[in-house]
Amino acid sequence: MKSKIKTILLTILIFSLLECIVYIGYSIWDIRDGFSGKRSLTEQEISDISSTLSNYFNNQESKPIKWEICSAYFAEAIYDDPVSNQYNVNVDCFYENEKKNYRFTLLKGLKKYHIDTVQELYIYLDEK
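1. Topic: the confidence of the model for the chain
Close inspection of predicted coordinates is inappropriate in any region flagged by low pLDDT.
Then comes step 1: Predicted confidence across the chain gives a mean pLDDT of 79, with 77% of residues reaching 70 or more.
Then comes step 2: At the level of individual helices and strands, the chain shows its lowest average pLDDT in helix H1 (residues 2-36), which scores 75, and its highest in helix H2 (residues 43-58), which scores 91.

In structure tokens:
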């Protein structure tokens with residue numbers, strides 16, 4: 001009976017160690033890959049970011065008629081302080097009489113994205 005318990009505990013320990021090694025390896029790959037800019041955002045990531053931005057715009061007083069993501073990419077390490085879950089997203093917003101461009105910094109939590117900063121960018125209109 002004691003040998004069966006020892007075998008079960010040893011098996012659990014081995015699987016726990018393997019799971020830990022896989023988790024650490026994935027985390028290192030994710031950080032390195034995100035900072036190098038080699039990996040494109042997945043469709044699921046774009047969809048989740050779009051959902052977060054949609055909620056943001058729906059809660060604003062002045063809602064855009066239409067908005068679209070111009071670019072979305074991983075943030076790079078700044079001042080040797082890497083953030084593996086940070087995304088920069090540029091969005092064009094169309095209002096009744098004007099167009100605005102915003103840069104969002106989003107942080108990915110365990111289950112959803114959170115907007116960290118919002119910056120309005122200037123748009124230079126073509127003069128004719």
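2. Comments concerning the pattern of salt bridges
Then comes step 1: Considering all chains together, one arrives at 3 salt bridges under this definition.
Then comes step 2: For Glu68, the salt bridge is made with Lys66, and the minimal N-O distance between the two is 3.9 Å.
Then comes step 3: Assessed through its relative accessible area of 35%, Glu68 is described here as partly exposed.
Then comes step 4: For Lys66, a relative accessible area of 45% puts it in the partly exposed group.
Then comes step 5: In this structure, Glu98 engages Lys100 in a salt bridge whose closest nitrogen and oxygen atoms are separated by 3.9 Å.

3. Examining the sheet that holds strand E4 (residues 113-121)
Then comes step 1: Ordered in space as E1-E2-E3-E4, the 4 strands form an open sheet in which the pairing is antiparallel. Strands at the two margins of the open sheet, each flanked by one partner only, are strand E1 (66-74) and E4. Within the sheet, the average angular offset between the axes of one strand and its neighbour, ignoring direction, is 25°.
Then comes step 2: In terms of strand pairing, E1 meets strand E2 (residues 86-94) through 8 bridges, oriented antiparallel. Bridged to Tyr73 within E2 is Asn88.
Then comes step 3: Its contacts with the sheet place H2 against E1, E2, strand E3 (99-108) and E4, and it is angled at close to 135° to E1.

Rules and cut-offs
Here the residue numbers are simple positions, counted from 1 along each chain's written sequence. At least 70 in pLDDT is required for a residue's local features to be given in this predicted model, at least 80 for side-chain atom pairs to be given and counted, and no such filter applies to totals for whole chains, interfaces and linings, which use all residues. Derived side-chain values reflect all non-hydrogen atoms in the structure, with water molecules and hydrogen atoms excluded from consideration. How sure the predictor is of each residue is captured by pLDDT, a score from 0 to 100. Strands here are runs of E lasting at least two residues and helices are runs of H or I lasting at least four, both read from the DSSP assignment and numbered beginning at the N terminus. Any Lys or Arg side-chain nitrogen located within 4 Å of an Asp or Glu carboxyl oxygen qualifies as a salt bridge. Three labels apply to residues, based on accessible area from a 1.4 Å probe with only protein chains included: buried if under 20% of the type maximum, exposed if over 50%, partly exposed otherwise in between. Any two strands are treated as partners once DSSP identifies two or more bridges connecting them. Each axis is a line fitted through C-alpha atoms, and for a helix only the stretch in contact is used; angles between axes span 0 to 180 degrees, taken between their N-to-C directions. Contacts are assigned to residue pairs that have any heavy atoms within 4.5 Å of one another.

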